[in-house]
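If you want the building blocks of each chain, they are given just below.
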Amino acid sequence: MTYTEGDIFKVYQFAIEGKSFEEAKKEILENRVDCDEGRIYTLLKIVCDYYDVTHKEIRAHSRLPLYVNARRIFCFLCRKFTEKSLYNIGRLIDRDHATVLHQTRNAQDFLYIGDKETVKAIDDITLIYYKAVINKHKESVEEER
């Protein structure tokens, strides 16, 4: 589990109050709403829907531009929105870590030169992704109540 800057500050506050690290950790984990579960799969589904391809087609070793673009955008957004390693992202699309890194850098290059198609795809998918995460967060909060 990754701890945020806010979590570290809370541990500091608990230390001032005289609580141990284990007590602080337990309290932080009890009060945390975890929305990170399944983000990479949510992103994969959104990219597949956006490009109208299946997960199987993204995993295929085809070099058709449709599949290459979908893989490129998926790798870029996974690096941006999740804390998954290059290896874990690559496993999901049947590629190695170097390919994921290459795809991510390619997407950054397309953004740098202002490729309209790539910019639009990333903007659209990001908006859909944020909406999905917000909905998932709302559902988890409602379940806790």
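Residues numbered from 1 in each chain as written. Predicted model: local features only at pLDDT ≥ 70, side-chain atom pairs only at ≥ 80, totals over all residues. Heavy atoms only, no water.

(A) A look at the overall build of the protein chain. Of the regular secondary structure elements, the protein chain holds 8 helices and 0 strands. Residues classed as buried in the protein chain amount to 31% of the 145 residues present. In the protein chain, the proportion of contacts linking residues at least 24 apart, taken out of those at least 6 apart, comes to 62%. Surface summary for the protein chain: the accessible area is close to 9900 Å², and the carbon and sulfur share equals 53%. (Helix = DSSP H or I, 4+ residues; strand = E, 2+ residues; numbered from the N terminus. Buried < 20%, exposed > 50% of the residue type's maximum accessible area, 1.4 Å probe, protein only. Contact = heavy atoms within 4.5 Å. Areas by Shrake-Rupley, 256 points an atom, 1.4 Å probe, with all protein chains shown as cover.)

(B) Region of the structure containing the packing of aromatic side chains. Counted according to the given criterion, the structure contains 4 aromatic pairs. When the ring of Tyr 50 is compared with that of Tyr 51, the centres are 5.2 Å apart and the planes differ by 80 degrees; the resulting orientation is edge-to-face. Looking at Tyr 50, the relative accessible area reads 31%, which means it is partly exposed. (Phe/Tyr/Trp six-rings, centres within 6.5 Å; stacked < 30°, edge-to-face > 60°.)

(C) View of unusual backbone geometry. Of note, Asp 52 is a non-glycine position whose phi angle comes to about 55 degrees, a positive value. Tracing the backbone shows Asp 52 in the loop between α3 (39-51) and α4 (55-59). Its relative accessible area of 67% is what places Asp 52 among the exposed residues. For Asp 94, which is not glycine, the phi dihedral falls at a positive 60 degrees. Here Asp 94 lies in the loop between α6 (86-92) and α7 (97-113).

(D) Just the environment of Val 119, in detail. One can find Val 119 in helix α8 (residues 116-144). Assessed through its relative accessible area of 29%, Val 119 is described here as partly exposed. Sequence separation between Val 119 and Ile 73 is 46 residues; the distance between their C-alpha atoms is 10.0 Å.

(E) Structural view of a nonpolar patch on the surface. A cluster of nonpolar side chains, contributed by Phe 9, Tyr 12 and Ile 16, occupies part of the molecular surface with about 360 Å² of accessible area. Among the structural elements, Tyr 12 can be located in helix α1 (residues 5-16). (Patch = residues over 30% accessible without salt bridge, like charges linked within 9 Å, V, L, I, M, F, W, Y side chains within 5 Å. Salt bridge = Lys/Arg side-chain N within 4 Å of Asp/Glu carboxyl O.)

(F) Looking closely at α7. For α7, built from 17 residues, the straight-helix expectation of 24 Å at 1.5 Å per residue is met to within 8% by its first-to-last C-alpha distance of 25 Å. Val 100, Gln 103, Thr 104 and Ala 107 are the residues of α7 that are buried. In an axial view of α7, the angular spread of the buried residues amounts to 100 degrees, which keeps them on one side of the axis. Exposed residues lying more than 90 degrees from the buried face of α7 are Tyr 112 and Ile 113. A positive backbone phi angle near 80 degrees is found at Gly 114, which sits one or two residues after α7. (Expected span 1.5 Å × (residues − 1). Arc of directions from axis to C-beta.)

Honestly, it's all geometry; don't read function into it.
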